[in-house]
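# Reading the structure
Chain by chain, the residues:
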Amino acid sequence: MTATFRPRTLAPPGEPPSTGATRTELVVDRIACDGFGMCAELLPELIELDDWGYPIVAAGGVPAQLLDHARRAVAVCPVLALRLARTSTAPVERGAGGWHGKPPPSVRR
Amino acid sequence: MSTQILWFTTRGAGIVSLILFSAVACLGLLAVARTQSARWPRFLTVELHRNLALLSVVFLGIHIVTAVLDPFTHLGIGAALVPLASSYRPLPVAFGVVSVYLVLAVIVTSLMRERIGHQVWRAVHWASYAAWPLAIEHTLTAGSDSFSVWLLAVQGAAILAVGAALAYRLTSGGTNRSRLAAVAGGTADPVAVDPAWRNH
Amino acid sequence: MNPRLFAGPPAAAGPESHAEHVARLGRVPLDSAAPAVIPVLEASGLLGRGGAGFPVGRKWRSVAGQTGGRPIVLANGAEGEPLSAKDRTLLRLRPHLVLDGALLAADAVGADRIVLYVGSSHRDARESIRRALGERRDLRVAIDLLHAPDTYVAGEESAAVHFVNEADARPTITPPRPYERGVGGRPTLVQNVESLASAALIGRFGDVWFRELGRDATPGSALVTVSGASRDGVREVEIGTTIGELAGEAGAGASPYDRQAVLLGGYFGGWLSTERSWDVPLDPIALRAAGGAFGAGVVAFLGNDRCGVRATSRIMDYMAGQSAAQCGPCVFGLRAIADATARLATGRPERDDLERIERWSQQLAGRGACRHPDGAVGQLLSSLRVFGPEWELHQRRRPCTREQVASIAPAASRAQVA
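Residues numbered from 1 in each chain as written. Chains lettered and ligands numbered in written order. Predicted model: local features only at pLDDT ≥ 70, side-chain atom pairs only at ≥ 80, totals over all residues.

## So, the overall build of chain A
- Across its full length, chain A carries two helices and four strands.
- For chain A, the succession of helices and strands along the chain, N to C, is β-α-β-β-α-β.
- The buried share of chain A, taken over its 109 residues, is 41%.
- Nonlocal contacts in chain A, meaning residues at least 24 apart in sequence, comprise 67% of its contacts between residues at least 6 apart. (Helix = DSSP H or I, 4+ residues; strand = E, 2+ residues; numbered from the N terminus. Buried ≥ 20, exposed ≤ 12 C-beta atoms within 10 Å, placed from the backbone. Contact = placed C-beta atoms within 7 Å.)

The following block contains the structure:
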């Protein structure tokens, strides 16, 4: 059904998501989320669904012109798993010894 | 003459409210069952469920106000607020009163959902499983023309619709959550409950 | 190198008693006996040894600076990683060093309670700690010994806190992180037992002493658990020892061709081929640069007669089963990946199994409440890199070039003291 998945790393074109050190982000409560998928229906620019119907949220925050749609997506979730949060764009402190963040680019055969 | 208008309005608003609440009940059951088709996205079920619920409260309000004001039934405010306080058909009216209270609890908690959290909201929402049958019972017994053919037909249709939706809900496999432990442990195949992307 | 954590009686002598411990090292330097320990820890550059490698001094400072109530210290000895035996060995042989570290931490952050969180199946370690608690007369704070469930994720920070709070060792949604609000809603310092033991030594001997070993950004020594060698077990090594040097000491071969690959960090870590990694130093920064990870100090060699595809598929099956089963992407993703790797390993793959596991792995990172799926797919992607040709063979249903036996045996818990 799906073609090869291309992870989203860029916000869609339009106003930049942050005008300062904070931006608005969509945060998924991964434990509450049950894969209803309505958020992706209402905000396809930023939310895609994986093979099991769970949301993959594009990185980069919510641009201003999509904020209303984002709020609607947050409101529709039957289990309140989606919320909007103001976050700082400063890099997060990480340890040196473990496995963090995205896996390295995929193997080319 | 005006009492006739009040009586017609009470009956009319009440029946419209019942039809709308029945639709709301169907949509709620279908939403949890994750129904969708190529032309009916899932968010539509949820948003329609919520909007129709608010609309039916309007008709419910009209029904209650006109019923209290109607001199034929001698209902006072007290009868509308306290179950069994009515001198006119106390038990049927009481069904209605209790049903309204349950509906109000559901509506208010739903409007405050983000503040009270999902667990509390869900616990109160179970009350709707009692509110709707009480409303049907009230419709059947509180009105003076309950057994007219058309009203029976309307109620029959409402009962069938909600019954069908309930049956569909019970056979549609529940949430993913109930299957997570089995899938992780390898005793169930990693197949989600109707993944939402199928019809995108 | 002179042992530090394992200085003192030999491993065969069993747990070190309090009397021996005090005779060798003196009493634990609490408040008035020594300068405040947090700046010393920061200067020492000690990194956490639980897997994340977060600077220990900075962590203690964060907890000390919280205002949400009296802090609590949680000494994390759950050690759910099957390939790691260092924490249980340290707890068994040097319980007083760990207790010293916990007391020092409690003193430094102002805690009034210590929770010792030790894996239920590590019976020797638990017995040793229990006996050690009985031996001491200098415990100024309440200490509880809790048995951590034997699951992989029980040692995760928020899972440990969740267990203490509600007897449920599953990770929770963060924020808030434990250092802000943890046990009983109070700031909680969750620290690996090896980190605490090292802190106890730094508290006595100072940061300059600690930096006499190791390298600038990653000083000191650390415990590693070696498997797949003729002298498997827990060893203390100087940070910066190369993988080849460790292999030589532990009996995993004299040249990179004596082994095929090495799994570093744990089941949540990464594979490197021995050819490319023989001269890579065991230090967190160098390993990251080489595409690996120090993690929990696991160094598991894979013999030439073993199949990397099979080993990986066993690991994926274990990791899928060890999911806390709270988040859909982890549960469905890891199980689907594990099933696909099992099909590939046993020679009955579907046409696009290899492509699928790559795609699913890329989708999975960061989409669980904890880092369990990230670790599992990170290990898988490194396996696809290192064992690329074998994965291809298995996808095309060609006979495997390695023997059909494949496993990485769980670590022995013998301590090998250099």
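Moving on, there is more to tell.
## Structural notes on the interface of chain A and chain B
- With 17 residues of chain A at the interface, the matching set in chain B holds 17 residues.
- A per-class count over the side of chain A that touches chain B returns 11 nonpolar, three polar and three charged. (Nonpolar A, V, L, I, M, F, W, Y, C, P; charged D, E, K, R; others polar.)

## Brief notes about helix α2 (residues 67-76) of chain A
- Residues Ala70, Ala73 and Val76 of chain A constitute the buried set of α2 of chain A. Taken around the axis of α2 of chain A, the buried residues stretch over an arc of 125 degrees, which confines them to a single face. More than 90 degrees from the buried face of α2 of chain A, the exposed residues found are Leu67 and Asp68 of chain A.
- Residues of α2 of chain A that are buried sit in contact with β1 (22-28), α1 (38-42) and β4 (82-88) of chain A together with α2 (42-69) of chain B. (Arc of directions from axis to C-beta.)

## A closer look at the domain arrangement of chain C
Residue and element names in this part refer to chain C.
- Domain assignment breaks chain C into domain 1 (11-210), domain 2 (221-306 + 410-416) and domain 3 (308-395).
- Taking only C-alpha atoms into account, the centre of domain 1 sits 33 Å from that of domain 3.
- Its residues assigned to classes, the side of domain 1 that touches domain 3 shows four nonpolar, three polar and two charged. (Domains from an automatic or database assignment.)

## What about the sheet that holds strand β2 (residues 113-119) of chain C?
Residue and element names in this part refer to chain C.
- Pairing is parallel across the open sheet formed by four strands, whose spatial order is β3-β2-β1-β4. Each edge of the open sheet is held by one strand with a lone partner, namely β3 (142-148) and β4 (188-192). Each adjacent strand pair in this sheet contributes to an overall mean axis angle of 20 degrees, direction not counted.
- Pairing geometry for strand β1 (residues 72-77) and β4, over five bridges, is parallel. (Pairing = 2+ DSSP bridges. Axes fitted to C-alpha atoms, helices over the stretch in contact; angles between N-to-C directions.)

## Some words on the pairing of strand β9 (residues 298-303) of chain C
Residue and element names in this part refer to chain C.
- Of all six residues that make up β9, five are buried, and the element is covered over most of its length.
- Where strand β5 (residues 221-227) and β9 come together, three bridges link them in parallel fashion. Pairing of Thr225 across the sheet is with Val298, part of β9.
- With five bridges connecting them, strand β7 (residues 259-264) and β9 associate as antiparallel partners. By the bridge assignment for β9, Val262 is matched with Phe301.

## With respect to unusual backbone geometry
- For the peptide bond that leads from Thr174 of chain C to Pro175 of chain C, omega is 10 degrees, which places it in the cis range.
- Residue position: Pro175 of chain C is located in the loop between α7 (157-166) and β4.
- In this structure, Leu80 of chain A is a non-glycine residue whose phi angle is positive, near 55 degrees.
- Tracing the sequence through the fold places Leu80 of chain A in the loop between α2 and β4.
- Residue Glu79 of chain C is not a glycine yet carries a positive backbone phi of 45 degrees.
- Mapped onto the elements of the fold, Glu79 of chain C is located in the loop between β1 and α4 (86-93).

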